[in-house]
Amino acid sequence: MMHQQDRVEINEVVLRDGFQNEPDFVPTEDKIRLADGLSRTGIRRLEVSSFVSPKAIPNLRDAADVLRGIERVPGVRYTALVPNVRGAERALEGVVDEVNLVMSIGEKHNLANMRMTCDQSLAQFREIMTVIAGSGIFVNGTIATTFGCPFEGRQPVERVLWAIDSYREMGIEGITIADTIGVANPRQVDELTTTIFRHHPDLPLTLHLHNTRDLGLANALAAYDAGIRSFDSALGGIGGCPYAPGATGNVCTEDLVHMFHNCGIDTGVDLSALIGLSGELPVLLGHGTPGYVVKAGTSDRVYA
């Protein structure tokens, strides 16, 4: 049984990473209603949207309206993905607690996803840091394709460390390592996480997993055992990157929380409330979702 200090932080990304790849636009009022419901489940961070160009991701064109409409719950950090300087300026207007910057360490994926080389992304991050300076907003930097690029394959560990060093040197406070296309395995997760903490012992490190090959929960537990205490996940297991061929949804929030609770690891999250919200997604989206617990029930369920 784990102790209280081992509580993990669940970062809910369904509103951004989940909805960005949906075939139909989810109405703004439905996003606000879901955000308010999630804020009351005990999650610690909620990624509300992305201040990306509406032409690039039409599903998130209402980012400012959603941020204005949600009810802020004390203890929850409301975050937004910021792709460029204009996005950072809009985030400041939207009053977020945290911004998330993203670069793929696979050069070809970064060109497809961000239309920039990695050096150009880092140069833009420096400009964004200048815009954010003095605002009190926490800055997190995501390293996409950490465990493998769809166009280049597995990335060297040295390149991951290079990206972390580059982020930290410019003042980015937190780091997320992302299995963007779902190619990681538990041993790889353990080895990379251990290496990162050896170089950066006190790094606020988050793991972002996709469940493309059904290893999401196993990878999360391996990361926990290696020292990670912060995890991205999406309600219902929906989501995906438009520029990652073959990638499926994020690791499912209610399945992740269920696993941690069964392992004696505290999340501070009300699992039954999560399951209730997840059960509403098929009606909202017009299709089923990949999550398991919402269909099968929790493992302590008994039958007459």
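Whatever comes next refers back to the structure up there.
Residues numbered from 1 in each chain as written. Predicted model: local features only at pLDDT ≥ 70, side-chain atom pairs only at ≥ 80, totals over all residues. Heavy atoms only, no water.

### Considering the environment of Val257
Here Val257 shows up in helix α10 (residues 253-262). Separated by 247 residues in sequence, Val257 and Ile10 have C-alpha atoms that sit 8.1 Å apart. Once you skip the residues sitting within four places of it in the chain, Val257 turns out to touch Ile10, Thr267, Val269, Leu271 and Leu274. (Helix = DSSP H or I, 4+ residues; strand = E, 2+ residues; numbered from the N terminus. Contact = heavy atoms within 4.5 Å.)

### With respect to the pairing of strand β5 (residues 138-144)
Judged by how many residues are buried, β5 sits mostly within the fold: six of seven residues are covered. Of the strand pairs in this sheet, β5 and strand β6 (residues 174-179) are connected by four bridges, and their pairing is parallel. Residue Ile143 lies in a different strand from β6, and its bridge partner there is Ile177. Taken together, β5, helix α7 (residues 157-169) and β6 constitute a β-α-β crossover, and its handedness is right-handed. (Buried < 20%, exposed > 50% of the residue type's maximum accessible area, 1.4 Å probe, protein only. Pairing = 2+ DSSP bridges. Right-handed = clockwise from strand over helix to strand, strands pointing away.)

### Re empty space enclosed by the protein
As enumerated under the stated definition, the model contains one cavity of 30 Å³ or more in all. Considered as a void within the structure, the largest cavity measures approximately 100 Å³ in volume. Every residue lining the largest cavity is counted, 13 residues in all, and those nearest its centre are Arg45, Glu47, Thr79, Glu98 and Asp232. Those elements that place two or more of their residues in the lining of the largest cavity are β1 (9-12), β2 (45-50) and β4 (98-104). (1 Å grid on protein atoms, 1.4 Å probe; cavity = no way out; pocket = protein on both sides within 12 Å on 5 of 7 lines; lining within 4 Å. Points joined across faces, edges and corners; volume = space filled by probe spheres on them.)

### As for the packing of helix α4 (residues 85-94) against helix α6 (residues 118-132)
Viewed as axis vectors pointing N to C, α4 and α6 meet at an angle of 25 degrees, and their least axial separation amounts to 9 Å. Taken together, α4 and α6 sit at an angle that is classed as roughly parallel. In terms of crossing hand, the pair formed by α4 and α6 is right-handed. Across the interface between the two elements, Val85, Ala88, Glu89 and Leu92 of α4 pack against Gln124, Glu127, Ile128, Val131 and Ile132 of α6. (Axes fitted to C-alpha atoms, helices over the stretch in contact; angles between N-to-C directions. Parallel < 35°, antiparallel > 145°, perpendicular 65-115°, else oblique. Left-handed = near helix turned anticlockwise from the far one by under 90°.)

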